[in-house]
Structure formats: structure tokens, C-alpha cells
Amino acid sequence: DGGAGTGAVAVAHPNIALIKYWGKRDEHLVLPRTDSLSMTLDIFPTTTRVRLAPEAGRDVVVLGGRPAEGEALRRIVTFLDLVRHSARVPHRAVVESHNTVPTGAGLASSASGFAALAVAAARAYGLSLTATGLSRLARRGSGSASRSVFGGFAVWHAGRPGQDTKAADLGSYAEPVPVADLDPALVVAVVDAGPKAVSSRAAMRRTVDTSPLYEPWAASSRDDLTQMRAALLRGDLQVVGEIAERNALGMHATMLAARPAVRYLAPATLTVLDAVAQLRRDGVGAWATMDAGPNVKVLCRRLEADRVAAAVREAAAGGAVHIAGPGPGARLLPEGG
Ligand code: PMV
């Protein structure tokens, strides 16, 4: 429509990292210390509407029907400030967002949330950005959101350290990763849908600052990425799964060694991990990954996902279990959609 629109609606899906993002080198620009790689899901979308409110003196943010406040509001206003600055449009906005996933439970709600907000806000403020530009913008809201701009598998480049601000910002974005036919599924076991006690932001900072295991994990994560990209290209789900599981367990080891320790893994998490190990002994390809929460995501073949889900459901003791496949990238919905 040319120029600044007055409103836009976008939808985005969460992504689950198989090579984790854990640790920033620049807090303000949200630049990571290592590259990461994820699969965007086809479940749990976030839908976000942004309308400019030229008359208003402040932004209004409504999340799931309730006015946002505190830290959640502050993060979104800071993000809108960045969009306003880039677009040179001063107007405040009304933001309405609906998540279909529990928020703040390590289920990537911030990834789908900031990817949808980036796409809707860019359009509403008349910023015309490429997918790469949208990925850089989403990164500023939440690092993992840079990957949810893309569907399927995506790699988020850390970019090169030691550059000036502009070059550093330009160098860190996600892009799609070429993969062979894998027919993958992620079985999501929600063992606890409550919000986490420590934010991923605070936990990352503490890990980088105090954990003696952080640097060794970051170094091995670089090798994990190289090997995983090769395994994705040749369609070797077993190697992809093995690398994903060791990369995630290593990330949690860095946190357990932080001072004081950050522990997201709960007893139910370990029960599910035992079930995954038993599946492998029974000849089913299944590999687990966990984020900043106790919930477990199990990578497997789509054809075996029902069997994996049944085993995990039994172990998850009452927790909900969902089966996800590779999902689409963030996109605008038709006006009013
Ligand atoms: O984007 P953030 O700040 O919510 O961090 C996400 C970190 C992990 O989910 C634990 C790993 C990842 O790469 O998604």
C-alpha cells in the first residue's frame, strides 16, 4: 500500500533450538556468543495486531485480553521505540496479542511473540524490510525470535565479534537451512506450564559471568553446529538427534555449574528423559531437548510420533503432550484477519 499503514496483523510460530542459543556478547543489541539452529513448529501460533494511535500519549499493550504491565510491557515499549526510531514515525500504538502456548514456560512464547510483533509493527509503521531485516529486528525483542521469522529449519548467525555497532547488528540474523527429506516431528511434553522462576535473560547472564563450563560448551557447540548442518543435508535424523540431545544437556550443565546454580530440570523432566532412553533401547529413534524450563521436546520421525507421544504421555504423568511438525515462517494476515 506504499508508506505507513495504520495497522497490521501478523502470525508467527515458536521454534525449538536443536543447537541452543545460550549467552549474549552484547545485551543491548542482543548479539549471541554462538550460532544456533532450530525448527519452527506448526503448533502454538501467536497472532499480533498493531494499530498506530497518533492521538495517544503512551503505548497500550494487551496480551491474551489483559493489559500488560511491568517487565512484559517495558520490553514491548522498548521494542516499539526501536521501530519508531527506524521508521521516523513518533506515534504510539495499540498492540493486541494472543498466544496459544503457556507464556514464560520455556515453550518459546517469546520467539513467536516477538517474530509476530516485528512483522506487524514493521508494516504498521511503514518500514519495508526484507526477511533478513525482519529477523534482525525480531532479534532485538528476543534472540530466539530471529529464527521464527523463517519456517522449517533456520540458523541464526552470531556474526563476528569486535565490530562497530552497525556492522555487528547487520551481521546477526537468521536464515533458512537446507535439509534433505527428514520427515521430522517434535513431541512436546508439557510437564509444567507455569512461568519460570528465572528469566532466560538473567540465567544466560549469570551462566556467562560465573559458570566454568560455559566456554567449553560454547566451543563444542560450534562443532555441533557444523556436524548438524552436514547431517541435515544428508537426511541423517539419528545424528541430528544425537547432537541435539548432547547440545541441550551441555547447555543445562553450564547452568548447573553457574554460581548460584540455575536449574530448570525438574523430576518429571528426568522421568521423560528415561522414557526417551527406553524408546531408543526399543529401537525407536527419539532424542530429547530442553530449554529454559522443565518441559521436554522429543525429536523423532513423523511416522513414529504417535508411539513416542504415547510413551512420553505415560512418563509425563498428567502433563499435556503435543505433536508438532515443521511450521511456516512469520507472515502478515489480510487486514482485519
Ligand atoms: O530468546 P530467549 O531470550 O527467550 O532465549 C531462548 C533460549 C533457549 O530457548 C533456552 C535456547 C534457544 O536457542 O531457543
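Residues numbered from 1 in each chain as written. Predicted model: local features only at pLDDT ≥ 70, side-chain atom pairs only at ≥ 80, totals over all residues.

A. Region of the structure containing the site of the ligand. Near the ligand, the surroundings consist of 13 residues, among which A17, Y21, S142, S144 and D291 are the closest. For the shell around the ligand, the residue count by class is four nonpolar, six polar and three charged. Two domains each donate at least three residues to the shell around the ligand, and these are domain 1 (7–180) and domain 2 (184–324). (Near = placed C-beta within 6 Å. Nonpolar A, V, L, I, M, F, W, Y, C, P; charged D, E, K, R; others polar. Domains from an automatic or database assignment.)

B. A look at the nonpolar core. One finds A115, A118, V187, V298 and V312 to be the most contacted residues of the largest nonpolar core, which totals 97 residues. For this core, the element with the most residues is helix α2 (residues 109–124), which contributes 11 residues. Two domains each put at least three residues into this core: domain 1 (7–180) and domain 2 (184–324). Not counting residues within four places of it along the chain, the set of residues in contact with V298 comprises L186, V187, V276, A286, W287, A288, V308 and V312. (Core = buried A, V, L, I, M, F, W, Y, C linked by C-beta atoms within 7 Å. Buried ≥ 20, exposed ≤ 12 C-beta atoms within 10 Å, placed from the backbone. Helix = DSSP H or I, 4+ residues; strand = E, 2+ residues; numbered from the N terminus. Contact = placed C-beta atoms within 7 Å.)

C. Spotlight on the domain arrangement of the chain. The domain boundaries assigned to the chain delineate domain 1 (7–180) and domain 2 (184–324). On a C-alpha basis, the centroid separation for the pair domain 1 and domain 2 is 23 Å. The interface of domain 1 with domain 2 comprises 27 residues on the first partner and 37 residues on the second. Secondary-structure elements contributing two or more residues to the side of domain 1 that touches domain 2 are β2 (15–19) and β5 (36–40). By residue number, the principal contributor to the side of domain 1 that touches domain 2 is β2, which donates three residues. Among the residues making up the side of domain 1 that touches domain 2, the classes are represented as 17 nonpolar, five polar and five charged.

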